[in-house]
Amino acid sequence: MNENTGLIGRKVGMIQVLEEDGTVIPCTVIQANAVVLGKRTLDKDGYTALILGLGERKEKRTTKPLAGLFKKAGVTPKQLIRELRCTPEALDTQEVGQPFKLEGIFEQGQFVDVQAVSRGKGFAGVIKRHNFKGSPGSHGTHEYFRHPGSIGTNMTPGRVLPGRKLPGQMGNKVTSVLNQKVVRIVPEENAILVRGGVPGGAGTAVVVRGAIKKNNGGRV
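Here is what the cut-offs are and how they apply
- Residues numbered from 1 in each chain as written.
- Predicted model: local features only at pLDDT ≥ 70, side-chain atom pairs only at ≥ 80, totals over all residues.
- Heavy atoms only, no water.
- Helix = DSSP H or I, 4+ residues; strand = E, 2+ residues; numbered from the N terminus.
- Rg over C-alpha atoms; globule rule 2.2 N^0.38 Å.
- Buried < 20%, exposed > 50% of the residue type's maximum accessible area, 1.4 Å probe, protein only.
- Contact = heavy atoms within 4.5 Å.
- Pairing = 2+ DSSP bridges.
- Axes fitted to C-alpha atoms, helices over the stretch in contact; angles between N-to-C directions.
- Phe/Tyr/Trp six-rings, centres within 6.5 Å; stacked < 30°, edge-to-face > 60°.
- Lys NZ or Arg CZ within 6 Å of the ring centre and 35° of its normal.

Colleague: Even after reading the chapter, I still don't get the overall build of the protein, so can you show me in this structure?
Modeller: Of regular secondary structure, the protein possesses four helices and eleven strands. Relative to the globule expectation of 17 Å for 220 residues, the C-alpha radius of gyration of the protein, 23 Å, shows a markedly less compact shape. Taking the principal axes of the C-alpha coordinates as reference, the protein spans close to 70 × 55 × 35 Å. Split into buried and exposed, the 220 residues of the protein put 36% on the buried side. Partitioning the contacts of the protein with sequence separation of at least 6, the portion at a separation of at least 24 is 70%.

Encoded structure:
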């Protein structure tokens, strides 16, 4: 489990950042327009975490327990709710019912992990979904060009084993991209620029956390 300090936001799109040496860096813009709904503390819960809300939802589509949470925080109903572990120091910098503050969460050059739902591409065959080569196009091949090939195991055990790469739903899954570098932080816009692409299209909700496979939460 990644317990490094993080945030939730929306993917705005991609831009290019020009460095002083002329290097062009492709970046994804993530706007951290979340609201702090509550806190988890060591005394009460045994751990420290922030409860964040993102987006708007209709009040009639809100359950009573969630409506109580929103009322206690003094905010309108939110569409997405996430609880993110954080340090006690980061917990003290945020206030319940106020917009999420980006200051002190990340720093330029830090490595982060980005998690989001990837673009859904519908039902796909094995060539598009798993990069299969396909069958030969000649020497008697007949109506078998994009097939997966043999999937059985003869008489024993006489069935298709689980985990075989077959046609099926492609995309629309929770996907994580690890060790992405923070190129810029724009506090006045509450936005963060991450090097490279992240899963999902524009408007997708993303979770950004300090890299779990880097020492000190990805800080350099």
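Colleague: Help me out: how do you make sense of the sheet that holds strand 3 (residues 35-40) in this one?
Modeller: The pairing of strands in a sheet comes from backbone hydrogen bonds and takes either a parallel or an antiparallel form. The strand order across the open sheet formed by three strands is 3-4-5, and the pairing between neighbours is antiparallel. The open sheet has two free edges, formed respectively by strand 3 and strand 5 (80-85), since each of these has just one partner strand. The average undirected angle you get between the axes of adjacent strands in this sheet is 25 degrees. Relative to strand 4 (residues 49-54), strand 3 is paired through five bridges, and the arrangement is antiparallel.

Colleague: Teacher, can you tell me more about the environment of Ala-73 here?
Modeller: In this structure, Ala-73 sits in helix 2 (residues 64-73). Look at Ala-73 and you get buried, because its relative accessible area is 9%. Residues Ala-73 and Gly-122 lie 49 residues apart in sequence; the distance between their C-alpha atoms is 39 Å.

Colleague: What is the right way to look at the pairing of strand 9 (residues 174-186) in this model?
Modeller: Along any regular strand the residues' side chains alternate between the sheet's two faces. Pairing of strand 6 (residues 111-117) with strand 9, which is carried by six bridges, proceeds in the antiparallel orientation. Opposite Phe-111, over in strand 9, you have Lys-181 as the bridge partner. Relative to strand 10 (residues 191-195), strand 9 runs antiparallel, the two sharing four bridges. From the neighbouring strand, Arg-184 faces strand 10, where its bridge partner is Leu-193. Linking strand 9 back to strand 10 in an antiparallel pair, the connection comprises four residues, with Asn-190 at a positive phi of about 55 degrees.

Colleague: Got a minute to help me understand the packing of aromatic side chains in this structure?
Modeller: Given two aromatic rings, their pairing is described by the distance between the two centres and the angle made by the two planes. Tallied over the full model, the rule gives zero aromatic pairs. Geometry around Tyr-47 places Arg-85 over its ring, the cationic atom sitting 4.3 Å from the centre. The cationic tip of Lys-214 hangs over the ring face of Phe-111; the distance from NZ or CZ to the ring centre is 4.5 Å.

Read these as layout, nothing more, since geometry by itself doesn't imply function.
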